[in-house]
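Close look at the chain arrangement
For reference, the chains in residue letters:
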Amino acid sequence: MIGLILLIRRELKLALRGGTDAVMAVVFFVLAAVLFPFGLGADPAMLPRIGGGIIWVVALLAAMLSLERMYANDHEDGSLDLLYLSPVALGTLALAKALAHWLTTGVLLLIAAPILALLYNLPASAFGALALSMLLGTPILSLVGGIGAALTLGARRGGVLLALLILPLYVPVLIFGAGAIDGAVAGRPIGPALLVLSGFLLAALALAPWATAAALRQAIE
Amino acid sequence: MQGLITYKLSCIRGERSVFSGLDLAIKPGRALLLSGANGSGKSSLMRVLAGLLPAASGHIEWEGEDISADPDAHRARVAYIGHADPLKPSLTATENLQFWAQLYGLDPVVEPALYQFSIEHLADVPIRYFSAGQKRRLNLARLAVGQNSLAGPALWLLDEPATGLDPGAVSMLANTILAHLSNEGVAIISTHGGRLDQLIADSADHLTLQTSRSGAAG
């Protein structure tokens, strides 16, 4: 537990001092979502219908931007060896990295999402669904993304490989995340979609650190 | 026989045998200076001894016990210095050192360690302004942190620790190693000769690894 807090604190400190990486994801998120209406036409009846889907697709891509560096710096400068030799288990490291990634990207996306919802003319009734689906969905992106980041350590063109590995795993989050918002816009109950997302989150919390640790072990050898 | 012993230790990297049938015995209070051409397996041996790499065959004993029986206990007794300096450019010297000290459960008061390598004036300077030699000094200061703690690591695995150090820093490193050895510690140091070897020669044994071509070498 102390190890987990130490590691998260270090990651946040590095993210704050490093600056650009974390901000880049949220800037990309807002810019990309703002561009869609220019291409599709700003029909006020159409935007709420596609808004939920677009916000979620762009959130997936934004979360992926900083994934590649999640373990790469520690791998290159030998920190990963020392982290492995420390009394803290690799699974704890994986959980700390995913939580820190979520705090530095997912939470920012969560804060920026209502602004985009306004731009897409989403009805007030859909704001709750948007916030809840992002709150449940974005930690899954960080947890599952960590597996991909660990698996592609040391691989050439790891970024492309990472996208190919991870995007299919993100699809269920996209379907139920956007589904919850669409449901709210159309006046359907959003409970089932959010429950499925909660299930995914619990499964990812239990399994992703373990899978990431196995991948890291491979990278250290 | 106490200390570190290996029996018929072998290592395979990418289907190529790096070393095989390696028998080592190092008593507490002694250092082993490892030399050998590039690619002869010094770094691989270090990583196998640290538990970072699995051995292809053979086993390693510490104080008469097989290390695979309790890998956590083995990791706790290892201090490993690799080729890279695991330091974050945006953190200060103190922050870098403190993080590792706390993560390893060592004494988080790191000033004495900075003094030991004469970088106390850089304590609050971010690493990005450090020269290569200063980074190496700070990395080596991790050893001093362990030394100043109650239950510091007993097995030091130093992979070419003197790279980039000026003669003064090499003396500081030698003194740190000698203090560790006088404390019944064990050190394995890979080297390409030089001042460090001479400074600790009285407490050290030598081993030269041969480059393995056909697979049979030791």
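Structure: above.
So, here is what we can say about the structure in this document. Here the residue numbering is sequential within each chain, running from 1 through the sequence in written order. Chain labels run from A onward and ligand labels from 1 onward, assigned in the order the entries are written. Only residues with pLDDT of at least 70 get local features here, since the model is predicted, and only at 80 or more are side-chain atom pairs given and counted; chain-wide, interface and lining totals rely on the full set of residues.

**Describing the overall build of chain A**
Heads up, the rule is: To qualify as a helix, a DSSP run of H or I must reach at least 4 residues; to qualify as a strand, a run of E must reach at least 2; elements of each kind are numbered from the N terminus. Atoms counted for the radius of gyration: C-alpha only. Globule rule: 2.2 Å times residue count to the power 0.38. Here, residue contact means that the backbone-derived C-beta atoms of the two residues sit within 7 Å.
Helix and strand content of chain A: nine helices and zero strands. For chain A, the sequential pattern of α-helices and β-strands runs α-α-α-α-α-α-α-α-α. Since a compact globule built from 221 residues should have a radius of gyration of about 17 Å, the 18 Å found for chain A is in line with a globular shape. Here the C-alpha coordinates of chain A stretch approximately 55 × 30 × 30 Å along the principal axes. Intrachain contacts of chain A at a sequence separation of at least 6 include 83% that bridge at least 24 residues.

**Structural notes on the sheet that holds strand S1 (residues 4-13) of chain B**
Residues and elements named next belong to chain B. Spelled out, the test is: In short, DSSP must find at least two bridges between two strands for them to pair. All axes are obtained by fitting lines to C-alpha atoms, using only the stretch in contact for helices, and the reported angles, taken between N-to-C directions, cover 0 to 180 degrees.
Taken together, the four strands give an open sheet; going across it, the order is S2-S1-S4-S5, and neighbouring strands pair in antiparallel fashion. With one partner strand each, in any of the chains shown, strand S2 (16-26) and strand S5 (65-66) form the two edges of the open sheet. Here two bridges tie strand S4 (residues 57-62) to S5, and the two strands are oriented antiparallel to one another. Each bridged residue has a counterpart across the sheet, and for glutamate 61 the counterpart in S5 is aspartate 66. Along the sheet, helix H1 (residues 42-50) contacts S1, S2 and S4; its crossing angle with S1, the most-contacted strand, is approximately 120°.

**Things to note about the interface of chain B and chain A**
Let me state the cut-off plainly: For this classification, the nonpolar set comprises Ala, Val, Leu, Ile, Met, Phe, Trp, Tyr, Cys and Pro, the charged set comprises Asp, Glu, Lys and Arg, and every other residue, Gly included, is treated as polar.
Taken together, the contact between chain B and chain A spans 22 residues of the former and 19 residues of the latter. Mapped onto the side of chain B that touches chain A, the elements with two or more residues apiece are helix H2 (71-77), strand S6 (78-81) and helix H3 (93-103) of chain B. In terms of residue class, the side of chain B that touches chain A is made up of 15 nonpolar, four polar and three charged.

**Quick notes on the pairing of strand S7 (residues 155-159) of chain B**
Residues and elements named next belong to chain B. Definition in use: Counting other C-beta atoms within 10 Å of a residue's C-beta gives its exposure: the residue is buried at 20 or more, exposed at 12 or fewer, and partly exposed in between, where C-beta atoms are placed from the backbone. Handedness of a crossover: with both strands directed away from the viewer, a clockwise path from the first strand across the helix to the second marks it as right-handed.
Most of S7 sits out of view: five of its five residues are buried. Alternating residues of S7 divide into Leu155, Leu157 and Asp159 and Trp156 and Leu158, and every residue in both groups is buried. For S7 and strand S8 (residues 186-190), the ladder comprises five bridges, and the chain directions are parallel. If you follow tryptophan 156 over to S8, its bridge partner there is alanine 187. Once the chain exits S7 it traverses helix H6 (residues 167-182) before rejoining the sheet at S8, and the crossover so formed is right-handed.

**Observations concerning the pairing of S4 of chain B**
Residues and elements named next belong to chain B. Alignment of S1 against S4, held across five bridges, turns out to be antiparallel. The residue of S4 that forms the bridge with isoleucine 5 is glutamate 61. Counted along the chain from S4 to the antiparallel partner S5, the turn is two residues long, and its residue glutamate 63 has a positive phi close to 50°.

**Comments concerning unusual backbone geometry**
Here asparagine 121 of chain A, not a glycine, exhibits a phi torsion of approximately 55°, which is positive. Residue asparagine 121 of chain A is classed as partly exposed on the basis of its 16 C-beta neighbours within 10 Å. We note that glutamate 184 of chain B has phi near 70°; this positive angle belongs to a residue other than glycine. Looking at where glutamate 184 of chain B falls in the secondary structure, it is placed in the loop between H6 and S8. In this structure glutamate 184 of chain B comes out as partly exposed when scored by C-beta crowding, with 13 C-beta atoms within 10 Å.

**Observations concerning the sheet that holds S6 of chain B**
Residue and element names in this part refer to chain B. Taking strand neighbours across the sheet as the criterion, the five strands line up as S6-S7-S8-S3-S9 in an open arrangement whose pairing is parallel. Edge positions in the sheet fall to S6 and strand S9 (204-209), since each of these pairs with one other strand and no more. Averaged over all pairs of adjacent strands, the angle between strand axes in this sheet comes to 15°, irrespective of strand direction. Bridge count for strand S3 (residues 31-36) against S8 is four bridges, and the pairing is parallel. Paired with alanine 31 across the two strands is alanine 187, which belongs to S8. The strands touched by helix H5 (residues 132-147) are S6 and S7; relative to S6, the strand with the most contacts, the crossing angle is about 165°. H6 contacts S3, S7 and S8 of the sheet and is inclined by roughly 145° relative to S8.

**Examining the packing of helix H3 (residues 47-65) of chain A against helix H7 (residues 125-151) of chain A**
All names here are of chain A. What counts here: Roughly parallel covers angles under 35 degrees, roughly antiparallel covers those over 145, roughly perpendicular covers 65 to 115, and oblique covers all other angles. Handedness of each helix crossing follows the sense of rotation of the near helix against the far helix: counterclockwise by less than a right angle gives left-handed, clockwise gives right-handed.
Interhelical geometry of H3 versus H7 gives an angle of 30° and a closest axis separation of 10 Å. Between H3 and H7, the angle is such that the two are roughly parallel. Pair H3 / H7 crosses with right-handed handedness. Along the contact surface, H3 presents Gly52, Ala59, Leu60, Ala63 and Met64, while H7 presents Leu130, Thr138, Leu141, Ser142 and Gly145. Grouping the constituent residues of the contact of H3 with H7 by class yields six nonpolar, four polar and no charged.

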